[in-house]
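Given next are the chains, with one letter for each unit.
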Amino acid sequence: MQDPFLCMPGAKLLCAAIDFEPFALLQYNGPNLVLKYNRAQKRLVNIAVDERSSPYYALRDRQGNAIGVTACDIDGDGREEIYFLNTNNAFSGVATYTDKLFKFRNNRWEDVLSDDVNVARGVASLFAGRSVACVDRTGSGRYSIYIANYAYGDVGPDALIEMDPEASDLSRGILALRDVAAEAGVSKYTAGRGVSVGPILSNSASDIFCDNENGPNFLFHNQGNGTFVDAAAGAGVDDPHQHGRGVALADFNRDGKVDIVYGNWNGPHRLYLQMSAHGKVRFRDIASPKFSMPSPVRTVIVADFDNDQELEIFFNNIAYRSSAANRLFRVIRREHGDPLIEELNPGDALEPEGRGTGGVVTDFDGDGMLDLILSHGESMAQPLSVFRGNQGFSNNWLRVVPRTRFGAFARGAKVVLYTKKSGAHLRIIDGGSGYLCEMEPVAHFGLGESGPMGIVEDSAIKSCNVQ
């Protein structure tokens, strides 16, 4: 299977999966491109041609200036919708161009935010946002979309958009939306940046972590009834004096707890291990001096690039004032003590003069090795980069695609794989633009020389495909 993903690098690279066929959506001061990998030609081909008859025509969204994207099943029909976060060059507060929410209906992608029912409800955001993410706040399999806006005073609160079942008539193609941020407890005014979703504090329900700029981070703990309480300060991840950017969730010491890694803009980067102290959850920063060294970071990626069972962390930097090479670290689990953080040479992906604005990993050709795609732009136009790994080809691997009860990708779900020699390995299916990018909805496990013993699925997962 070719792995599904959707990317939108313009000044940014924004990635999300929308079908079983992989394609990329790009935007740079002009129409978006929808790129699909052609196996025979071994290259990406644009299928969003400038023809109104094309089912992808609306995705070009020529007037938009997207900074965030996420894909998830909002209405429970088994197919993901796609949310485009358009800043239209507004830094904060009010923007001049609305976001877009595309649904596949009438054999084409159409924007439902521009439907009369939703225009009348005023749910289309006209605020300058930074990230969007999908969260199944009630465990129903129908997702809400969390929008991290960059507020200007009391203008531009964060939003949580979802389907209003009483006003919707899906048999007639009517998808009515509502903003439930206030009732869910996430309507905050802040300088929002990165967002990541998963069962961070909860056993299976989706929590929301937001690393913010010019203010404390949020860790919204799902109360099990669709409402959230901010637990960041109590858990030690509020980091109030830093400026968050890319963020990702992983389990770095394989203790079954979800850890948090993120980059701060020209500030110390964080690698928080989740701990328990006196019955309370606390996070402890174990970042080494080299790891925490400040850099102009954008997207942060966690993956096992060489399939050796140890996770790597990739920092995509932007050389907007001077050289700012990308950086790669391996986090090695130890039986006793904290994991060892080892800096690696990223090879051609070093890109010291790269104006990096995003990155994503996926397996283009189905060979079991993750490929790295980097975008550049914003401060200077540069071409897209695609990198293939050169180590670990003899290692084993397994890819799991979990699904909701409706058959859509299970965003924010947890998948745990047990191996014969090394125990449990945990993956979180990406639920949104941790900052500028949403990854493929696949739990990719490098196995080294081991083989799998079994897979434990999140309670929200109703089925899965195993490769």
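The model shown is predicted, which means the values in this text are computed figures rather than measured ones.

Asks: Explanation requested: the pattern of salt bridges in the structure shown.
Replies: Once their charged atoms are close, side chains differing in charge can pair, the charge on each being opposite to the other. Tallied over the entire structure, the rule returns 28 salt bridges. Among the salt bridges present, the one from Asp61 reaches Lys100, with a minimum N-O distance of 2.9 Å. Of the two residues, Asp61 is situated in the loop between β5 (43-46) and β6 (66-72) and Lys100 in strand β8 (residues 100-105); the sequence distance between them amounts to 39 residues. In this pair, the class of Asp61 matches that of Lys100, namely buried. The partner of Asp75 in a salt bridge is Lys103, with the nearest N and O atoms 2.5 Å apart. Taken together, the residues span a long stretch of sequence, with Asp75 in the loop between β6 and β7 (81-86) and Lys103 in strand β8 at a distance of 28 residues. Considered together, Asp75 and Lys103 belong to a single accessibility category, that of buried residues. Put simply, Asp306, Asp308, Glu312, Arg330 and Glu342 are held in one network by salt bridges that share partners.

Asks: I tried to follow the sheet that holds strand β14 (residues 191-198) on my own but got confused; where do I start?
Replies: In space, the four strands of this open sheet follow the order β14-β15-β16-β17, with antiparallel pairing throughout. Each edge of the open sheet is held by one strand with a lone partner, namely β14 and β17 (228-230). Each strand axis lies, on average, 25° off the axis of its neighbour in the sheet, ignoring direction. Sheet topology places β14 next to strand β15 (residues 207-213); seven bridges connect them, and they run antiparallel.

Asks: How should the side chain of Asp111 be read in this particular structure?
Replies: Summarising the element assignment, Asp111 is placed in strand β9 (residues 108-111). Buried charge Asp111 goes without a salt bridge, the closest partner of opposite sign being Lys100 at 4.5 Å. Here the side chain of Asp111 touches Leu113 through a polar contact of 3.1 Å, landing on its backbone nitrogen. For Asp111, the residues in contact, after removing those within four places along its chain, are Lys100, Leu101, Phe102 and Arg105.

Asks: How do you make sense of the environment of Ala349 when you look at a structure like this?
Replies: Along the polypeptide, Ala349 turns up in the loop between β25 (340-344) and β26 (356-362). Accessibility expressed as a relative area gives 5% for Ala349, which makes it buried. Taking the C-alpha atoms as reference points, Ala349 and Arg388, separated by 39 residues in sequence, lie 9.6 Å from one another. Once residues within four sequence positions are removed from consideration, Ala349 is found in contact with Phe314, Asn326, Leu372, Leu374 and Phe387.

Asks: Please clarify how the pairing of β6 should be interpreted in this entry.
Replies: In regular strands, side chains alternate between the two faces of the sheet. For β6, the buried fraction is high: seven of the seven residues fall into the buried class. Two strands pair when backbone bridges link them, and β6 and β7 are joined in this way by six bridges, in the antiparallel orientation. For Val69, the partnering residue across the bridge sits in β7 and is Phe84.

Asks: Would you mind showing me how to read the sheet that holds strand β12 (residues 159-163) here?
Replies: Across the sheet, four strands lie side by side as β10-β11-β12-β13; this open sheet has antiparallel pairing. Since the sheet does not close on itself, it has two edges, and those belong to β10 (129-135) and β13 (177-179), each with one partner. Shown here is a sheet whose adjacent strand axes are inclined to one another by a mean of 25°, direction ignored. In this sheet, β13 lies alongside β12 in antiparallel orientation, the contact comprising three bridges.

Asks: What am I meant to see in the confidence of the model for the protein chain here?
Replies: Note that predicted coordinates carrying low pLDDT should not be read in detail. Put simply, the protein chain has an average pLDDT of 88, and 90% of its residues get 70 or more. Residue range residues 1-14 is modelled with pLDDT below 50. Its contacts to residues more than four positions away, or to other chains, number 103 contacts.

Asks: Honestly, the packing of aromatic side chains in this entry has me stumped. Any pointers?
Replies: Think of a pair of aromatic rings as described by two things: how far the centres are apart, and how the planes are tilted against each other in angle. Tallying each qualifying case throughout the model produces 11 aromatic pairs. Relative to Phe220, the ring of Tyr146 lies with its centre 6.3 Å away and its plane at 55°, an arrangement referred to as tilted. Taken together, the residues span a long stretch of sequence, with Tyr146 in strand β11 (residues 144-149) and Phe220 in strand β16 (residues 218-222) at a distance of 74 residues. One exposure class covers both Tyr146 and Phe220, and it is buried. One aromatic cluster is present, built from ring pairs that chain together Tyr146, Phe218 and Phe220. One cation-aromatic arrangement involves Arg79 over Phe104; the distance from NZ or CZ to the ring centre is 4.1 Å.

Asks: Please clarify how unusual backbone geometry should be interpreted in this entry.
Replies: The phi torsion of most residues other than glycine is negative, and most of the peptide bonds are trans. Backbone geometry at Asn266 places phi at a positive 55°, although glycine is not the residue there. Position of Asn266 among the secondary structure elements: in the loop between β19 (259-264) and β20 (270-277). According to the relative accessible area criterion, Asn266 is partly exposed, its value standing at 39%. You will see that Gln309, though not glycine, has its phi angle at about 85°, which is positive. Tracing the backbone shows Gln309 in the loop between β22 (297-303) and β23 (311-317).

Reading the values: rules and limits
- Residues numbered from 1 in each chain as written.
- Predicted model: local features only at pLDDT ≥ 70, side-chain atom pairs only at ≥ 80, totals over all residues.
- Heavy atoms only, no water.
- Salt bridge = Lys/Arg side-chain N within 4 Å of Asp/Glu carboxyl O.
- Helix = DSSP H or I, 4+ residues; strand = E, 2+ residues; numbered from the N terminus.
- Buried < 20%, exposed > 50% of the residue type's maximum accessible area, 1.4 Å probe, protein only.
- Pairing = 2+ DSSP bridges.
- Axes fitted to C-alpha atoms, helices over the stretch in contact; angles between N-to-C directions.
- Lys, Arg positive; Asp, Glu negative; His and termini not counted.
- Polar contact = N/O pair within 3.5 Å; in protein donor to acceptor, adjacent residues only side chain to side chain.
- Contact = heavy atoms within 4.5 Å.
- pLDDT = per-residue confidence, 0-100.
- Phe/Tyr/Trp six-rings, centres within 6.5 Å; stacked < 30°, edge-to-face > 60°.
- Lys NZ or Arg CZ within 6 Å of the ring centre and 35° of its normal.

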